[in-house]
Amino acid sequence: MNVFEKMEEMEHEQIMFFNDNETGLKGIIAIHNSTLGPALGGTRLWKYASEEDAIKDVLRLSRGMSFKSSISGIHLGGGKAVIIDNPKAKKDEAFWRRYGKFVDNLGGKYITAEDVGTNTQFIEYISLETKHVAGKPDYLGGGGDPSPVTAYGVYLGMKAAQKQRSGNDSLQGKKIAVQGVGHVGQYLIDHLAKEGAKITICDINENNIKQVSAKHRVEVVSPEDIYGVDMDIYAPCALGASVNDTTIPHLKCGIIAGAANNQLAEEKKHGDLVKAKGIIYAPDFLINAGGVINCYIETVGYNRDRAYAATDKIYEQTLAVLQEASTSEKNSQEVALEIAMKRIEDIGKTRRTR
Ligand code: NAD
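Residues numbered from 1 in each chain as written. Predicted model: local features only at pLDDT ≥ 70, side-chain atom pairs only at ≥ 80, totals over all residues. Heavy atoms only, no water.

Right, let's get into the layout of surface pockets. By volume, the second largest pocket amounts to about 230 Å³. Considering the residues around the second largest pocket, the lining is formed by Glu9, Met10, Glu11, Glu13, His32, Asn33, Arg63, Phe67, Met341, Ile344 and Glu345. Going through the elements one at a time, helix H1 (3–10), strand S2 (25–33), helix H2 (51–71) and helix H12 (332–352) are the ones with two or more residues in the lining of the second largest pocket. A per-element tally of the lining of the second largest pocket places H12 first, with three residues. Per-class residue counts for the lining of the second largest pocket are four nonpolar, two polar and five charged. (1 Å grid on protein atoms, 1.4 Å probe; cavity = no way out; pocket = protein on both sides within 12 Å on 5 of 7 lines; lining within 4 Å. Points joined across faces, edges and corners; volume = space filled by probe spheres on them. Helix = DSSP H or I, 4+ residues; strand = E, 2+ residues; numbered from the N terminus. Nonpolar A, V, L, I, M, F, W, Y, C, P; charged D, E, K, R; others polar.)

Next comes the structure, spelled out in structure tokens:
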């Protein structure tokens, strides 16, 4: 893989590779675009099959963060970090504090947060070495777990999609299949149950299934069967790329709206395919932005009400995107991407005139 070619193609500004022999820390920080502000994005700890996979992941995820922050109207750029889990990785205090120092070396151009494989303990350790961290727990002056805010935004995006479909945004009696009932999935189900939706769930983690079943009346299906269930709305809240060549023919829903990042395996191809099937797709990076909005509010002085008020805008924004997509050749993902790119371009121009 030619890294510079890839950076040129995806328009990345900067990549930092870091290594520490003592602790086994190895990773990459990618800054995609910092036009709108410091590049914020979580740190993912993952066992990558190859270095190339790790580079591809960090490039893809950091690019997604630029567009997510842009379309949400917040003043952040897009960045992401991946740490390559390996047999020498100690994952202890020294390991994470060393990582904090690498983040600090970027002088605030990159702000980190939690992601898959990292947790509050990680945030605490790196906070000792750098102030460029968001998603801190309440006792460190942060906004805490962003998942409830993410779930709230997804819920609003889903309601906007329902409004676009039927003229009425009520989810009462709607059959909704939630794939993945982890942090966001569970908070989303709280909203859906309160509104009287008929919920079907699946997960590969039995404990999470038990937790939801103990709290709400839900139907449980196996992860393989979720795509074919009788549903009005499919809510992917597990991993990315679940909307693909294999699954689309099974989907009988009218709406796809969920929390997972990068739901469309191939943006253009699968965005067009779902549109052609008459399914309304609420763009993932638009409706799952509540978490990054929460982190942004933390960087300017955390206030829970402000975080929720900023997330409220997801409803109108989603509706506007879906309306435009319904009257144009473009699919909803393309419409949302264009809005996000235009803001970055416009602000980039004002910067150049300084
Ligand atoms: P999580 O790890 O807490 O939950 C994911 C759940 O999906 C887990 O319960 C897991 O067991 C389940 N799962 C994994 N593979 C599955 C499969 N094949 N079938 C069914 N279930 C499966 O993660 P989360 O924080 O709830 O995030 C969910 C998704 O939303 C992720 O894609 C994440 O990147 C995205 N997201 C999260 C946030 C946030 O604030 N947490 C913000 C934006 C986007």
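Before going further, it helps to spend a moment on the pairing of strand S5 (residues 77–84). Burial runs high along S5: eight of the eight residues are buried. Two strands pair when backbone bridges link them, and strand S4 (residues 43–46) and S5 are joined in this way by four bridges, in the parallel orientation. Looking at the pairing, Thr43 lines up with Ala81 of S5. In this region the chain leaves S4, passes through H2 and returns to the parallel neighbour S5; the handedness of that crossover is right-handed. (Buried < 20%, exposed > 50% of the residue type's maximum accessible area, 1.4 Å probe, protein only. Pairing = 2+ DSSP bridges. Right-handed = clockwise from strand over helix to strand, strands pointing away.)

For the rest of this paragraph, the subject is the domain arrangement of the protein. Each assigned domain of the protein is listed with its residue range as follows: domain 1 (3–62 + 78–140) and domain 2 (147–289 + 316–340). Inter-centroid distance (C-alpha atoms) of domain 1 to domain 2 is 28 Å. (Domains from an automatic or database assignment.)

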